[in-house]
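Examining the three-dimensional arrangement
Each chain, written out:
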Amino acid sequence: MATPTTSFMKEVLPPVLDSTSQPPTLFDGTTRLYISYKSPFAQRTWITRNCKGLQEKIKLVPIDLQNRPAWYKEKVYPPNKVPSLDHNNEVKGESLDLIKYIDAHFEGPALLPDDPAKRQFAEELFSYIDSLNKIMFTALSSKEDVGDEVGAALDKVEDALSKFDDGPFFLGQFSLVDIAYAPFMERYQILFSDVKNYDITKGRPKLALWFEELNKIDAYVQTRRDPQELLAHTKKRLGIA
Ligand SMILES: N[C@@H](CCC(=O)N[C@@H](CS)C(=O)NCC(=O)O)C(=O)O
């Protein structure tokens, strides 16, 4: 597919709902994506919705995770996490499942290529991200300097970006794989620079180019938070503030 660089007007984002907020009219047939503006898992689904041009079809419902409305757990999504998607009056969760679901069940450009080799590599990369996250967050929470494990994990990302040469993204062209990685890689770039004085792109030209190209994609840029806000929020969550 063509890289979705098409600009649309900056969306006016709906206000965050907290424990004092009334629920929307639940299960009225409206497709709703429950997110938190700060959640990297939720951001994956939000980018996917934007990439497919579904701003009108999928309504964002941002909730305050620090002060959640009780109705969210009781009436919408008992696991009480974000993201979740209410589509056809059925609520589903798990961000990686949801980005595939949104891609497959809604109109808009296909975000996974048909090529079986690329599809297989996509699955490998979807599986790898949990290990990457573990290594990266463990390193950030530790007092030690950045060690070999982080370097090796990032080198693996650099290698993955070298596999297909028909574009700067994981599968060549922009896809769900980039969407799965973007919210986390964005946080690693900011956090490692601030906390460890470590530039994750140094000596990794493919990764540097990946960030450069990603930051041209409006559907993603619209979901980015202020880096200082993200830094403060994530450091607090990791207990390193
Ligand atoms: N595996 C889930 C993880 C979702 C998740 O942990 N979301 C966080 C926000 S980043 C959350 O809702 N945390 C609240 C909680 O765990 O109570 C996914 O991929 O969607």
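Treat the numbers as computed from the prediction; the structure is a model and nothing was measured. (Residues numbered from 1 in each chain as written. Predicted model: local features only at pLDDT ≥ 70, side-chain atom pairs only at ≥ 80, totals over all residues. Heavy atoms only, no water.)

Let us look at the overall build of the chain. When helices and strands are counted, the chain shows nine helices and four strands. What you see in the chain, going N to C, is helices and strands ordered as β-α-β-α-β-β-α-α-α-α-α-α-α. The C-alpha atoms of the chain give a radius of gyration of 18 Å, which matches the 18 Å a tight globule of 241 residues would have. Overall size of the chain, expressed as C-alpha extent along the three principal axes, is 50 × 45 × 30 Å. Counting all 241 residues of the chain, 49% fall into the buried class. Of the charged side chains in the chain, 31 are positive and 35 negative; the average position of the first set lies 4 Å away from that of the second. (Helix = DSSP H or I, 4+ residues; strand = E, 2+ residues; numbered from the N terminus. Rg over C-alpha atoms; globule rule 2.2 N^0.38 Å. Buried < 20%, exposed > 50% of the residue type's maximum accessible area, 1.4 Å probe, protein only. Lys, Arg positive; Asp, Glu negative; His and termini not counted. Charge placed at Lys NZ, Arg CZ, Asp CG, Glu CD.)

Split into domains, the chain comes out as domain 1 (1–111) and domain 2 (116–238). Listed per partner, the contact involves 29 residues of domain 1 and 26 residues of domain 2. In total, domain 1 and domain 2 occlude about 2500 Å² of area from one another, counting both sides; carbon and sulfur atoms represent 62% of this. Where domain 1 packs against domain 2, one counts one salt bridge. Between K100 and E123 there is a salt bridge whose closest N-O contact spans 3.2 Å. (Domains from an automatic or database assignment. Contact = heavy atoms within 4.5 Å. Buried area = accessible area lost by both parts, 1.4 Å probe. Salt bridge = Lys/Arg side-chain N within 4 Å of Asp/Glu carboxyl O.)

Taken together, S39, P40, F41, L65, R68, K81, V82, P83, E94 and S95 are the residues near the ligand. Within the side chain of S95, an N or O atom sits 2.6 Å from an oxygen atom of the ligand. For the ligand, whose unbound accessible area comes to 510 Å², protein coverage reaches 77%. Per-class residue counts for the shell around the ligand are five nonpolar, two polar and three charged. (Near = heavy atom within 4 Å. Polar contact = N/O pair within 3.5 Å; in protein donor to acceptor, adjacent residues only side chain to side chain. Areas by Shrake-Rupley, 256 points an atom, 1.4 Å probe, with all protein chains shown as cover. Nonpolar A, V, L, I, M, F, W, Y, C, P; charged D, E, K, R; others polar.)

Let's shift gears to helix α4 (residues 116–141). If you check α4, its first and last C-alpha atoms are 38 Å apart, about what 26 residues at 1.5 Å a residue would give, namely 38 Å. Y128 marks where α4 bends most, by close to 30°. Near the N-terminus of α4, the side chain that reaches the backbone nitrogen of A117, with its oxygen 2.9 Å away, is that of D115. (Expected span 1.5 Å × (residues − 1). Bend = angle between axes of the 7 residues up to and from the residue.)

A separate point is the UniProt feature "domain: GST C-terminal" (unreviewed entry) in the chain. UniProt's entry tags residues 115–238 with the feature "domain: GST C-terminal" (unreviewed entry), counted in the numbering of this structure. Here residues 115–238 is 70% helix and 0% strand, with 39 Å between the C-alpha atoms at its ends. (UniProt positions renumbered as here; feature names shortened; annotations may be inferred.)

This brings us to the sheet that holds strand β1 (residues 31–35). A sheet is described by the order of its strands in space; here four strands give the open sequence β2-β1-β3-β4, paired in mixed fashion. The open sheet is flanked by β2 (58–62) and β4 (90–93), the only strands paired with a single partner. When strand polarity is set aside, the average angle formed by the axes of neighbouring strands in this sheet is 20°. Running over the sheet, helix α3 (residues 95–105) touches β2, β3 (84–87) and β4 and is turned about 30° from β3. (Pairing = 2+ DSSP bridges. Axes fitted to C-alpha atoms, helices over the stretch in contact; angles between N-to-C directions.)

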